[in-house]
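So the chains spell out like this:
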Amino acid sequence: TAEGRIDLSGFVPAIEGNDPGHYHLDFTPTILGPYLLQVAMLIPGQDGRNDAIITQLPFEVKLPAGINFRMWFSFAAILLAFGVAIYAFRVQADRTGQLTGSFNLLELPWFSRIMRASLWKVVFQGLMLLIFAIVVLLGFIDAQESSRNLSTIMLWTIWWAGVIFTFVLMGRAWCLVCPVGAVSEWTNQLTGAQRQFSRRYRNLWMATGLFMLLTWADGYWGIVGSPGRTAMIFLIFGVLAVAVGAFFARRTFCRYICPIGGIIGLYSMFAPVELRARSLSLCQHDTTKACYVGNDAGKGCPMFEFPQRMDANTYCIYCGDCLNTCFEENISMQFRSFGKDLWTAARRTFDESFLAVAMVAVSGTAAGHMVTAWHGWMHAISAYLPFSLLGISDHATIEKLTYSVVFWLAVLLVPLLVYLAGLWTWYLLGKPEKTSPGELFVQFGYAFIPLGLAMHLAHNMQHFFVEGPLVGPVLLKTLNQFTPWYFGTPDWSPAPWLEPPVLYWLQMLFLLIALLYGVYTAYRLAVGRWGPTAVLSARGPWPYLILMLVIALTDAYLLNLPMGARH
């Protein structure tokens, strides 16, 4: 050890339970640096002598996480940026921040041909389906250890962490090649079903509920850490997608049921590329509406989108079908400023706004669930819950139930806080008759999308860049095991793709940008309601801005804590 050889043989059984193999040992290091803990397990031998199995566990003693210099520096940067943003928006109240004169990418002949072609899309969908099928199969038949199974590594560490970046940069482009959405659409083309959901179900509530249940189930049953459960979940959704495609039109599954379809749509509003109608007057005079219903040149929009009314990226998957069916060549695809949809979209609904706000809670809870302090927090909270009155004494069960209480309360608490911020704003405005707190919730809920997105990105960056390199040795092991060839010995200690210090500051940068975008979105929405002169007065949207600041500081604190690995 850093302090010399210390005898730590005075251990006792752990206080929290009777599980074999759990022991408690008090030791307070006084020197920072590397340590080596040696554990000797004695096993009685047949000849009366004890055999020993010795394990050495290296670790390093560092300064306590949480309250340290980098956390205070992060807080200071967030507060400074927040103040600068407020000042800038107040001085330049007429600034729009929008790009003008964007170039239509479809005017590039090669790009237009790619967007209109269907063969490459089918090829990519087929390739993704093959990879998906192999990965799900390995989840059932390969080693049931998440760090050694390609199913958990590929789906949760590589795909789920990496695909979030595509939402930010390319919108719902992933949905175009998603194997689950593809099999649903192919099934519908085979059956020719034209049935649509009842209007009461044409919203995101079903998708939101499934996503919340899936996120909660991961924390309760450890789906991410179980190859078998991971494979079963994805297989179930694949079968569900086929069933929906067999009975309902187009990509009904993707639009209304897919558990990640809702958050993909909301996060895609941040993407810097958009597909829109060039001239609304041409759309209004077109009686065929072929872009929606289809014609001999192609089928109608699989996502039930109508370009004439589309003013956000929420449901467009860039499939290019409307390019083939619109004989007026009235479709454009162009770059624009990041996040423009957040303040320009005219269509705003309660289900989308609720999901946008709830994702702030979900992303924060998902990150908090993996920090080393989480178990201590759950133990402290469980003391205030009536488990003893219910006859529940098992430590593992108590922690899972406490997690469930915390998760679902957080999912409801953050939307409640946003509603209360709207109620406060409504009172500051003098209770105007033409405005209600519920209406403000629907409108300003979209301003919280950047914060949820940033926390989602920052948390998963840790897994992608630190645990992602594990895909190399796991793939090598899988090829050695399931093919007749030998590809070499896997290196089970790969270096991270990005060093933790660099990763941390990238996380803080994303969080900082998200706060600025959230503040700016709230500002733009407020300008549209109350005008630029009064927007940052005492009657402005200050309750929303203060809540955003609190959320950003809380997220910065969580990201500053040591985070455990998924695998």
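These numbers were taken from a predicted model, which means no experiment stands behind them. (Residues numbered from 1 in each chain as written. Predicted model: local features only at pLDDT ≥ 70, side-chain atom pairs only at ≥ 80, totals over all residues. Heavy atoms only, no water.)

Here the focus is the overall build of the chain. Scanning the chain from terminus to terminus reveals 22 helices and eight strands. Relative to its full complement of 567 residues, the chain shows a buried share of 50%. Long-range contacts, defined as pairs at least 24 residues apart, comprise 79% of the intrachain contacts of the chain with a sequence gap of at least 6. If you sum the accessible surface of the chain, you get close to 28300 Å²; carbon and sulfur atoms cover 66% of it. (Helix = DSSP H or I, 4+ residues; strand = E, 2+ residues; numbered from the N terminus. Buried < 20%, exposed > 50% of the residue type's maximum accessible area, 1.4 Å probe, protein only. Contact = heavy atoms within 4.5 Å. Areas by Shrake-Rupley, 256 points an atom, 1.4 Å probe, with all protein chains shown as cover.)

You will see that glutamate 329, though not glycine, has its phi angle at about 50°, which is positive. Relative to the elements of secondary structure, glutamate 329 occurs in the loop between α13 (321-325) and β8 (331-335). Residue glutamate 329 is classed as partly exposed on the basis of its relative accessible area, which comes to 44%. In this structure, lysine 431 is a non-glycine residue whose phi angle is positive, near 55°. Relative to the helices and strands, lysine 431 resides in the loop between α17 (395-428) and α18 (437-444). Looking at lysine 431, the relative accessible area reads 44%, which means it is partly exposed.

So, on to the packing of aromatic side chains. Tallied over the entire structure, the rule returns 33 aromatic pairs. Taken together, a centroid distance of 5.0 Å and an interplanar angle of 85° make the contact between tryptophan 343 and tyrosine 520 edge-to-face. Note that tryptophan 343 is positioned in helix α14 (residues 341-344) and tyrosine 520 in helix α21 (residues 500-530), a separation of 177 residues in sequence. An aromatic cluster of three or more residues is present, and its members are Phe132, Trp156, Trp159, Trp160, Trp174 and Phe234. Positioned over the ring face of tyrosine 292 is arginine 250, at 4.9 Å from the centre of the ring. Sitting above the plane of the tyrosine 315 ring, arginine 255 keeps its charged end 3.7 Å from the centroid. (Phe/Tyr/Trp six-rings, centres within 6.5 Å; stacked < 30°, edge-to-face > 60°. Lys NZ or Arg CZ within 6 Å of the ring centre and 35° of its normal.)

This part covers the nonpolar core. Ranked by size, the top nonpolar core spans 122 residues in total, and within it Phe253, Phe448 and Met548 carry the most contacts. A total of twelve residues in this core trace back to one element, the largest contributor, which is α21. Among residues more than four places away in sequence, those in contact with methionine 548 are Ala447, Phe448, Leu451, Leu515, Gly518, Val519 and Ala522. (Core = buried A, V, L, I, M, F, W, Y, C linked by side-chain atoms within 4.5 Å.)

Another aspect to go through is the packing of helix α10 (residues 261-268) against helix α19 (residues 449-467). The contact between α10 and α19 brings their axes to 10 Å, and the two run at 110°. For the element pair α10 / α19, the angle class is roughly perpendicular. The crossing of α10 and α19 is left-handed. Mapping the contact onto sequence places Ile263, Leu266 and Tyr267 in α10 and Ile449, Gly452, Leu453 and His456 in α19. (Axes fitted to C-alpha atoms, helices over the stretch in contact; angles between N-to-C directions. Parallel < 35°, antiparallel > 145°, perpendicular 65-115°, else oblique. Left-handed = near helix turned anticlockwise from the far one by under 90°.)

The next thing to look at is the environment of phenylalanine 444. Relative to the helices and strands, phenylalanine 444 resides in helix α18. Given a relative accessible area of 0%, phenylalanine 444 falls into the buried group. Sequence separation between phenylalanine 444 and leucine 342 is 102 residues; the distance between their C-alpha atoms is 9.4 Å. Excluding anything up to four places from it in sequence, phenylalanine 444 contacts Ala522, Leu525, Ala526, Arg529, Trp530, Pro541 and Tyr544.

Taken together, the buried positions of helix α2 (residues 109-116) are occupied by Phe111, Ser112 and Met115. For α2, the arc enclosing every buried residue in end-on projection is 100°, short of the 170-degree limit, so these residues lie on one face. In α2, the exposed positions angled more than 90 degrees off the buried face are occupied by Pro109 and Arg113. Residues of α2 that are buried make contact with α3 (119-141), α13 and β8. (Arc of directions from axis to C-beta.)

To continue, consider the pattern of salt bridges. On inspection of all chains with the given rule, the structure shows twelve salt bridges. Across the pair arginine 336 and aspartate 341 runs a salt bridge, and its minimum N-O distance is 2.8 Å. Accessibility classification places arginine 336 together with aspartate 341 in one group, the buried group. A single salt-bridge network, built from bridges that share partners, covers Glu185, Arg251, Lys299 and Asp321. (Salt bridge = Lys/Arg side-chain N within 4 Å of Asp/Glu carboxyl O.)

Bringing a nonpolar patch on the surface into the picture now. A contiguous nonpolar patch, built from Leu137, Phe140, Ile141, Met232, Leu235, Ile236, Val239 and Phe482 and spanning about 700 Å² of accessible area, is present on the exposed surface. When residues of the nonpolar patch are traced back to their parent elements, those giving at least two are α3 and α8 (227-247). Positionally, isoleucine 236 belongs in helix α8. What makes isoleucine 236 partly exposed here is its relative accessible area of 47%. (Patch = residues over 30% accessible without salt bridge, like charges linked within 9 Å, V, L, I, M, F, W, Y side chains within 5 Å.)

Here isoleucine 233 is to be found in helix α8. Remark: the alpha-carbon pair of isoleucine 233 and valine 136, spanning 97 residues in sequence, is separated by 9.4 Å. If we ignore the near neighbours within four places in the chain, the residues touching isoleucine 233 are Leu214 and Ile223.

Attention now moves to the confidence of the model for the chain. Here the chain shows a mean pLDDT of 88. Residues at 70 or above account for 90%. Mean pLDDT values over the elements of the chain span from 62, in strand β1 (residues 12-13), up to 97, in helix α9 (residues 252-257). Contacts of residues 94-100 to residues separated by more than four positions or lying in other chains number 15 contacts, the stretch itself having pLDDT below 50. (pLDDT = per-residue confidence, 0-100.)

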